[in-house]
Amino acid sequence: FEEVFEQAGVDKIDGALLDFGISSHQIDDEDRGFSYKMPNAPLDMRMDATKTLTAKKIVNEYSEEALKRILFEYGEERYSRRIASEIVKCRAIKPIETTFELVDIIKQSLPKAALKEKQHPAKRVFQAIRIAVNDELGAVERLMKAAPNRLNQGGRLCIISFHSLEDRLVKRAFANAAQGCTCPKSFPVCICGNKPKVKLISKKPIVSGSEELERNPRARSAKLRVCEKL
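The paragraphs below set out a description of the structure included in this document. (Residues numbered from 1 in each chain as written. Predicted model: local features only at pLDDT ≥ 70, side-chain atom pairs only at ≥ 80, totals over all residues. Heavy atoms only, no water.)

1. Remarks on the overall build of the protein chain
1) Next: For the protein chain, the count of helices and strands is 11 helices and 5 strands.
2) Next: Taken across its 230 residues, the protein chain has 42% of its residues classed as buried.
3) Next: The contacts in the protein chain between residues at least 6 apart in sequence include a share of 64% that link residues at least 24 apart.
4) Next: Separation between the mean location of the 41 positive side-chain charges and that of the 32 negative ones in the protein chain comes to 7 Å. (Helix = DSSP H or I, 4+ residues; strand = E, 2+ residues; numbered from the N terminus. Buried < 20%, exposed > 50% of the residue type's maximum accessible area, 1.4 Å probe, protein only. Contact = heavy atoms within 4.5 Å. Lys, Arg positive; Asp, Glu negative; His and termini not counted. Charge placed at Lys NZ, Arg CZ, Asp CG, Glu CD.)

2. Here we look at the packing of helix H5 (residues 80-91) against helix H6 (residues 99-109)
1) Next: Their axes nearest at 9 Å, the elements H5 and H6 cross at an angle of 125 degrees. The orientation of H5 relative to H6 falls into the category oblique. Of the two elements, H5 crosses H6, and the hand of that crossing is right-handed. Across the interface between the two elements, Arg82, Ile83, Glu86, Ile87 and Cys90 from H5 touch Leu102, Ile105, Ile106, Gln108 and Ser109 from H6.
2) Next: In terms of residue class, the contact of H5 with H6 is made up of 6 nonpolar, 2 polar and 2 charged. (Axes fitted to C-alpha atoms, helices over the stretch in contact; angles between N-to-C directions. Parallel < 35°, antiparallel > 145°, perpendicular 65-115°, else oblique. Left-handed = near helix turned anticlockwise from the far one by under 90°. Nonpolar A, V, L, I, M, F, W, Y, C, P; charged D, E, K, R; others polar.)

3. As for H5
1) Next: Over its 12 residues, H5 runs 16 Å from end to end, which matches the ideal 16 Å to within 8%, given 1.5 Å per residue.
2) Next: Here H5 has its buried residues at Ser80, Ile83, Ala84, Glu86, Ile87, Cys90 and Arg91. Buried residues of H5, seen end-on, are gathered within an arc of 165 degrees and therefore sit on one face of the element. In H5, those exposed residues whose orientation departs by more than 90 degrees from the buried face are Arg81 and Lys89.
3) Next: In this fold, the buried residues of H5 make contact with helix H3 (55-61), helix H4 (64-75), H6 and helix H8 (123-134). (Expected span 1.5 Å × (residues − 1). Arc of directions from axis to C-beta.)

4. Regarding the pattern of salt bridges
Between side chains of opposite charge, pairing is possible as soon as their charged atoms come close.
1) Next: Considering all chains together, one arrives at 18 salt bridges under this definition.
2) Next: Where Arg142 meets Asp135, a salt bridge forms, and the shortest distance between an N and an O atom there is 3.2 Å.
3) Next: Judged by relative accessible area, Arg142 falls into the exposed class, the value being 51%.
4) Next: In this structure, Glu228 and Arg156 form a salt bridge, with 2.8 Å as the shortest nitrogen-oxygen distance. Of this pair, Glu228 sits in strand E5 (residues 223-229) while Arg156 sits in strand E2 (residues 151-161), and the two are 72 residues apart along the sequence.
5) Next: Overall, the relative accessible area of 14% leaves Glu228 in the buried class.
6) Next: By relative accessible area, which is 39% here, Arg156 ends up partly exposed. (Salt bridge = Lys/Arg side-chain N within 4 Å of Asp/Glu carboxyl O.)

The structure is reproduced here in structure tokens:
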């Protein structure tokens, strides 16, 4: 985010719209390995192809404990321990190379009841690994610290997120920036000097309506939050 300002040669802007989602083009590109629906795609998942960390490296080289943590924290996968254990067991026989190999391992890790759920059994795992490959949550945290200070007065920051972990970070950052005095209520006067930097345009996120979802089902999980610089 800061690099963009340096390259553009500007210090502040009147507003920004940031979309945290990956594009449909990326999802549908077999060579990128983002989708659990693409047969035999390479386990890549890098947003930036110049980076060295790939999904293949995480799946085949990270410890069982690290895999479990990634799946649980980034994918909120309740069967993270079972899946991590099965990954380690299978990669000891041969390296896990493709998306469908990973999907098969996930499926054989899960109880029958989990396989019957509406959501694809590999969805949470693929999300978690993609987030780890690209340090997505770290990028969001760094962005949220810098972005409000880059707005001119009256400028608006609009952010679209696509899963609960990102939205939670945006919500918390907006709330902190909108908060004024943090002194205990028992204090007769403010001594912290904190003043709100922004105001929230809506307390709840803006989500897609039925008409939009008909045209674009992938917008189902999108949440838009907006704040305005004071």
